[in-house]
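Architecture at a glance
Residue-level listing of the chains:
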Amino acid sequence: MSSKMAVETETRNGTLVFAVNGQRFELPTVDPSTTLLEFLRSQTPFKSPKLGCGEGGCGACVVLLSKYDPVHDKVEDFTISSCLTLLCSINRCSITTSEGLGNSKNGFHPIHQRFTGFHASQCGFCTPGMCVSLFGALINAEKTNRSEPPPPFSKLNVSEAEKAVAGNLCRCTGYRPIADACKSLAADVDIEDLGLNSFWTKEHSKEEKISKLPVYDRNHEICTFPEFLKNEIRSGITLDSKRYNWHSPASVEELQNLLKVYEGTEIKTVVSNTGMGYYKEIKPYDKYIDLKHVPELSILKLDQTGVEIGAAVTISKVIEALKKENQHDFYPRDENVLRKIASHMEKVASGFIRNTASVGGNLVMAQRKHFPSDIATILLAVDSVVDIMSSHQFERITLEEFLLRPPLDFSSVLVNVKIPSVGKVLPETNTILLFETYRAAPRPLGSALAFLNAAFLAEVSPCETSDGILVNHCQLAFGAYGTKHAIRARRVEEFLSGKILNAEVLYEAIQLIRATVVSEDGTANPAYRSSLAAGFLFEFFSSLIDGSAEISNGFLNGYASTSMAKCSKLGQSNVQDYSNKIPTMLSSAKQVLELSKSYYPVGEPISKSGAAIQASGEAVYVDDIPSPTDCLHGAFIYSTKPLARVRSIKVNSKPHPDGVAAVISYKDIPELGENIGSNFFFGSEPLFADELTQCAGQRVAFVVADAQKHANMVANCAVVEYGMEDLEPPILSVEEAVKRSSFFDVPPFFYPQPVGDISKGMAEADHKIVSAEIKLGSQYYFYMETQTALAVPDEDNCIVVYSSIQNPEFAHSVIAKCLGIPENNVRVLTRRVGGGFGGKAVAAIPVATACALAAHKLHRPVRMYMNRKTDMIMTGGRHPMKITYTVGFKADGKITALQIEILIDAGISPDMSPLMPHTVSSALQKYDWGALSINIKVCKTNNTSKSSMRAPGDLQGSFIAEAIIEHVASTLSLEVDSVRNVNLHTYNSLKSFYRDRAGENLEYTLPLLWEKLAVSSSFDKRVEMVKEFNRCNKWKKKGISRVPIFYGVSLRPTPGRVSILKDGSIVVEVGGIEIGQGLWTKVKQMTAFGLNTILGSEDGDLLDRVRVIQADTLSLIQGGITGGSTTSESSCEAVRLCCNILVERLTPFKERMQKQMGPIKWDTLVSQAHMQSVNLSASTFYIPDASSSSYLNYGVAVSEVEVNLLTGETTVLQVDIIYDCGKSLNPAVDLGQIEGAFVQGIGFFMSEEYLTNSDGLVITDSTWSYKIPSMDTIPKQFNVELLNSSHNEKRVLSSKASGEPPLLLAVSVHCATRAAVKEARKQLLSWSGQDGSESIFQLDVPATMPVVKELCGLDIVEKYLKWSLGRKN
Ligand SMILES: Cc1cc2nc3c(=O)[nH]c(=O)nc-3n(C[C@H](O)[C@H](O)[C@H](O)COP(=O)(O)OP(=O)(O)OC[C@H]3O[C@@H](n4cnc5c(N)ncnc54)[C@H](O)[C@@H]3O)c2cc1C
Ligand code: FES
Ligand code: FES
């Protein structure tokens, strides 16, 4: 080796070197707290990994990490969350991002192509992470020795493909198309199971379909580990610890030395840093010690004595090892236990977390910080022991002792954990070992902490003197229920040991468990958690009780009754259960649509415009725009008090970093400007609280610093001093607002009109429900891209603002007002929005304005990418409501009058809230109430301003209607469906409720949909099957429900411009913003359709030559707001009108040319027209015809659910939807809107709790506490039919809206859950000897597991055991 090379190698050995997409990066210095995501997004061109949460909970940042093992010449590839991975820990590794898999220049990867073709990308913000997650599974499947499947497929199997993205969240698609895209690569997929795509049509044969899939070519797969990096990997791959403050000890001795040396300093031992996802420490550490390279900590040894797991071994590695079949060294019962441990571990976090998260890290978090760990609980049940090492000594103690000790000091290290063998059974003893683990969590697979977890191990044997089963010994562990750490229920263990199991014994054991599993004060749902403990214990032991077929119905139905047979069956079932218990995800789906060629290419289900670059991550969102020189970053400081004087705002100098440029508040508004942060038709909201803050979550200041991380840290540590003197108490509830007459005005036009004579209607009623109440909470948007803007000062006091916003026009004028500059000094640009759902309409304006204000003041570019927590706290969300109703009805359920009062919590500013009375009442009127009187008040409170969220008001209105119908049905003990039936509108009643919006008789398709879906979903038959199921099952109940929806929309004026460039390509501008809803795609289709008539016969269509460009508020003014479901159609209509103008201009020209030249092609026509100065740019401002601009949308859904009465978990088994889309402009896009909206609705009704503290400050402010649906919580069968009705001639090419209305259909899931709960309550009452048919109850929204369980009976197992004991006596 030359001396030069030697020097080079030496230097390299100490520096941080890695590859990203084959490109080499060498960093001479780096702050060791830098994450890989921060680095990728700020220092490289690879922007496909996105920041969705920063806490490991969403998957937007997933990348592939590849490690090279030079000894075995092997590359190991696995997915990781780049938002938690520290940069120093990837030394000598290779990273692959989605653009590294393929891209627009080098060709897309088949994964990108499948996502595109299966319509699996809408806003696209989640898509690169999804693609990499799938790629990770694919590349590992390819390494197996499975046989090579034919070309379009990979070695993946369906289950792996589906699970690959289980931890990735998507807020747009509803996951079904994503599941299809993933499964399309699996070798064992049934191609007929795959849904709508742009590769084939249903007419194609199976073989043709297969041949049309983009080929997966394993021989040309990308190389994940570049050769040059392999060559660089020599023995010394550690970092220069001094330079990076990052130590990577390679032996225990070295580690011990370091611990000694650094005793008393701020050091952080780290394995994969995923713990930061939960604890989000902001404290900077002086030194990091990476434990991954200590061999003793990486041991994974399985033998007859048990399993030794080094503390740094990842959860994925443990799962893989424990699941390995035929581990001959094991006793069979060990194998069973270990498999179940592995199976439980598969529900911990998500794949991309488990791939790096260490078992030791988990246990230390549990020990030191009381993390609600699963691993501690399951390992506790099997008597695990741990080795601990401090700077001076080694120590072996039981895991239980470890957990009970005071927090492990920072100079100690957990070395390993050992699961001892449960040993072999002596043949003569006849004992059987039972082992089971449990967890109840809001999402079975998709990254959710458990409300409670448990693991039980028991040695049982048949009793020699009776028919019963003897518990020789048991070990019962519980955790995560709001306890400091997992516990062993010793008293219960002792009580059960030596007992013959019977209902009485079990009852007593459950009583003891109740006294043991007690959550600490402040834990949410303590009674629920303890009921889970009782339920799980019951589930585990009830099968062993004499007469078990009766007792254990639902778990072990119909087993033989002799104890011996029971025991041996149990032994078997213990094994069988293992596979049964892995939750399945989407099992099947069907899409029925009728395509129409009348307006070709409008009506074609073409793929979303830009889907491929969204998949590869090349699509540019605001935060992907490279920072201009000198760019600063901002973060809001918000109030934590609802109504208080802001005395001072202190940004402490420590521990916040240097780099703060300014702290901007209302005092910094220019003299000619105004403290305005947002504005809508009904009023404005200040940018910052002035002396008085009006709500918790209100902006009080804007920190501007040199990096987003620094701005966030400073904002986070800021201390706001409040004063309360001389202030009235804040208004934090609608009741208080009414007391103090605190309301916003509602323009008469938006106020609902009464229908009929309410007194007469009430007089006609046979029955009345008087003053019943419902309360509805809020919902957070959870767009995957949080609020973001970039403001760049321009010449002459101008400013350009890039904003992720649904209404740039409003932002434009607010910025001008705030800065005190004319509107022609401001330009707002919006290309695409990573999900909006209404949350980026008004709420995005202050973000853009704050950046603009800071940029204006500091004369430097300023950007902000709001962190998830702040976004969740500040952005508002859906309107909470309180509803009080009195309803009169006949004995057959026909409602004669409804009187209703609705109090809407609008928060501090009017925003869009004055529209709410109109929308709530519109959806509420879906039934013929006879007479209707609505009194709605829009309350001004000291809560954050609520804004429109997808189907604002309509969603609540639709729910209220169903709640009333259900209440009436329960009161009369009638089938709810029959009550719905008698109250459905006739066309006549429709006209009296909806007046002009009712349209023509032919347009009223709801009765048709109602009947059609009953047939296609086999509704009547399934109702009977559900009844039968409920008769036969005690611990699971099903419910089924059919629900109609009505949704009024209105078109608004919209501008458009179509310009034909010299080469024949076309550029289009529209007022609408592409927020994932497919607006650009429809606009492209419409442009191609609009210009079709001028094309020659050989020209084909122009689809591929159309580009829709970003919204620019100075180029196309009066763009308005994107929302209300009609922006796509009005933008399309504007474009169609532009095309008409162009066609009109070009036709005579073409005719003239044709006379001279014969048939003329598009390119020639255009170039000639350019030469002849024909104006090839046309603009319009489409103003909808007032008489037909508002119309109704209809749909029906049937949902069937199954409720687990022991946990309260609701599984959506099947959903059938039929929706009238008119002549769909693009059925693929509309289908995506329907499915996506429906799943978002499931979130609202079932899982999303947007909670505040008593000051109104949002407390569910992370992916840990706020649970949107994930792949494993969507309907198992999901069937959607689009009714392609052509009765809508007044609509844009006979189309109808699809963006919001289908969200309302999700109420059917809630109603079905209610039906199942009703059955559970009936059964519960019958056990207490009462008649259950009278059970009237309300099911809250969201119907979370604790809510459902509470209604099903927190003491259900006790009640049942008592009942069965009573029956026996
Ligand atoms: C999104 C998400 C979901 C999750 N869901 C679940 C879940 O459902 N159930 C569950 O049980 N867990 C869950 N976890 C927790 C996860 O298992 C832990 O974050 C992970 O195991 C920690 O491992 P790590 O290597 O990343 O530890 P690190 O983050 O590197 O370390 C965690 C802490 O332990 C210390 N530490 C690490 N190793 C040692 C050691 N050997 N000796 C002494 N101190 C040490 C570190 O200093 C740090 O304080 C989830 C985590 C995430 C991010
Ligand atoms: S951003 Fe990393 S998981 Fe959400
Ligand atoms: S497409 Fe998945 S979040 Fe928008």
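Because the structure is a prediction, the values reported are computed rather than measured.

1. Digging into the UniProt feature "binding site: Mo-molybdopterin" (unreviewed entry) in the protein
Per the UniProt annotation, the sites labelled "binding site: Mo-molybdopterin" (unreviewed entry) are Gln806, Phe837, Arg950 and Gly1124. The largest pairwise C-alpha distance within this set of annotated residues, which runs over 319 residues, is 12.3 Å, so the set is compact in three dimensions. Within the element layout of this structure, Gln806 appears in the loop between β29 (798–803) and α28 (808–819). With a relative accessible area of 2%, Gln806 lands in the buried category.

2. A look at the sheet that holds strand β40 (residues 1177–1182)
Two pairing modes exist for strands in a sheet, parallel and antiparallel, and in both the strands are linked by backbone hydrogen bonds. Overall, mixed pairing links the 4 strands, which are arranged β38-β37-β36-β40 in an open sheet. What marks the edges here is a single partner per strand, and that holds for β38 (1106–1108) and β40. Shown here is a sheet whose adjacent strand axes are inclined to one another by a mean of 15°, direction ignored. Examined bridge by bridge, strand β36 (residues 1054–1060) and β40 share 6 bridges and lie antiparallel to one another. Note on β40: the bridge partner recorded for Thr1054 is Tyr1182. This element, helix α38 (residues 1127–1157), spans β36, β37 (1066–1070) and β40 of the sheet and lies at about 140° to β40.

3. So, the site of ligand 1
Of all residues adjacent to ligand 1, which total 36 residues, the nearest are Thr269, Thr274, Gly275, Ser358 and Asp374. Thr269 places a polar main-chain atom, nitrogen or oxygen, 2.4 Å from an oxygen atom of ligand 1. Taking Ala349, its main chain carries an N or O atom lying 3.3 Å from a nitrogen atom of ligand 1. Taken together, the elements giving at least two residues each to the shell around ligand 1 come down to β7 (267–270), α16 (359–369), α17 (374–381) and β13 (413–420). Looking at which element gives the most residues to the shell around ligand 1, the answer is α16, with 5 residues.

4. Regarding the nonpolar core
In a soluble, globular protein the nonpolar side chains are often hidden away together inside. Of all hydrophobic cores here, the largest spans 383 residues; its most connected members are Phe478 and Phe541. Among the nonpolar cores identified, the runner-up in size contains 26 residues, and Phe18, Phe25, Leu36 and Phe46 belong to it.

5. Here we look at the packing of aromatic side chains
Summed over all chains, the structure comprises 52 aromatic pairs. Between Tyr285 and Tyr288, the ring centres sit 6.1 Å apart and the planes meet at 70°, which makes this aromatic pair edge-to-face. For the pair Tyr285 and Tyr288, a shared accessibility class is recorded, and that class is buried. Ring geometry for Tyr438 and Phe456: centres 5.3 Å apart, planes at 45°, overall tilted. Separated by 18 residues along the polypeptide, Tyr438 in strand β14 (residues 432–440) and Phe456 in strand β15 (residues 452–462) bring together distant segments of the chain. Here Tyr438 matches Phe456 in class, with each residue buried. Put simply, the rings of Tyr438, Phe456, Phe478, Phe536, Phe540 and Phe541 touch in pairs and so form one group of aromatic residues. The positively charged end of Lys369 is found above the aromatic ring belonging to Tyr279, 4.5 Å away from the centroid. Between the NZ or CZ atom of Lys1038 and the centre of the ring of Phe1029, over which it lies, the distance is 4.3 Å.

6. What about the pattern of salt bridges?
Inspection of the entire model under this criterion finds 73 salt bridges. The residue Glu493 makes a salt bridge to Arg490 at a minimum N-O spacing of 3.7 Å. Of this pair, Glu493 and Arg490 are both found in helix α19 (residues 490–496), 3 residues apart, which corresponds to roughly one turn of the helix. Two residues, Glu975 and Lys1027, come together in a salt bridge whose shortest N-O distance is 3.2 Å. Placement of the pair is Glu975 in the loop between α32 (954–972) and α33 (976–983) and Lys1027 in helix α36 (residues 1019–1032), with a sequence separation of 52 residues. A residue is classified by how much of its surface remains accessible, and Lys1027, at 33% relative accessible area, is partly exposed. Several salt bridges converge on common partners, so that one network encompasses Asp383, Glu400, Arg488, Arg490 and Glu493.

7. Regarding the side chain of Lys926
Along the chain, Lys926 turns up in the loop between α31 (916–924) and β34 (931–940). The exposure class assigned to Lys926 is buried, which follows from its relative accessible area of 0%. Within polar-contact distance, the side chain of Lys926 engages the side chain of Ser958 at 2.9 Å. Among the polar contacts made by the side chain of Lys926, one reaches the main-chain carbonyl oxygen of Pro1044 at a distance of 2.8 Å. When near neighbours in sequence (up to four residues on either side) are disregarded, Lys926 contacts Ser958, Ala961, Glu962, His985, Tyr994, Val1043, Pro1044, Ile1045 and Phe1046.

8. Describing unusual backbone geometry
Following Tyr600, the chain continues to Pro601 via a peptide bond in cis, the omega torsion being 0°. Along the polypeptide, Pro601 turns up in the loop between β18 (588–592) and α24 (611–616). Cis rather than trans, the peptide bond between Val1341 and Pro1342 has omega equal to -5°. Here Pro1342 shows up in the loop between α41 (1307–1327) and α42 (1345–1352). If you check the backbone angles, Asp796 has positive phi at about 55° while not being a glycine. Although it is not a glycine, Ser1018 sits at a positive phi angle of roughly 50°. Checked against the element boundaries, Ser1018 lands in the loop between α35 (1006–1016) and α36. With a relative accessible area of 32%, Ser1018 lands in the partly exposed category.

9. Some details on the UniProt feature "binding site: [2Fe-2S] cluster 2" (unreviewed entry) in the protein
Those places that UniProt annotates as "binding site: [2Fe-2S] cluster 2" (unreviewed entry) correspond, in this numbering, to Cys123, Cys126, Cys170 and Cys172. Spanning 50 residues, the annotated positions come together in the fold, the maximum distance between their C-alpha atoms being 9.3 Å. By the element assignment, Cys170 lies in the loop between α6 (158–163) and α7 (176–183). With near-sequence residues (within four places) excluded, Cys170 lies in contact with Cys126, Met130, Tyr175, Ile178 and Ile1268. Secondary-structure assignment places Cys172 in the loop between α6 and α7. Discounting residues that sit within four places of it in the chain, Cys172 has contacts with Gln122, Cys123, Phe837, Gly1232 and Gly1236.

Rules and cut-offs
- Residues numbered from 1 in each chain as written.
- Chains lettered and ligands numbered in written order.
- Predicted model: local features only at pLDDT ≥ 70, side-chain atom pairs only at ≥ 80, totals over all residues.
- Heavy atoms only, no water.
- UniProt positions renumbered as here; feature names shortened; annotations may be inferred.
- Helix = DSSP H or I, 4+ residues; strand = E, 2+ residues; numbered from the N terminus.
- Buried < 20%, exposed > 50% of the residue type's maximum accessible area, 1.4 Å probe, protein only.
- Pairing = 2+ DSSP bridges.
- Axes fitted to C-alpha atoms, helices over the stretch in contact; angles between N-to-C directions.
- Contact = heavy atoms within 4.5 Å.
- Near = heavy atom within 4 Å.
- Polar contact = N/O pair within 3.5 Å; in protein donor to acceptor, adjacent residues only side chain to side chain.
- Core = buried A, V, L, I, M, F, W, Y, C linked by side-chain atoms within 4.5 Å.
- Phe/Tyr/Trp six-rings, centres within 6.5 Å; stacked < 30°, edge-to-face > 60°.
- Lys NZ or Arg CZ within 6 Å of the ring centre and 35° of its normal.
- Salt bridge = Lys/Arg side-chain N within 4 Å of Asp/Glu carboxyl O.

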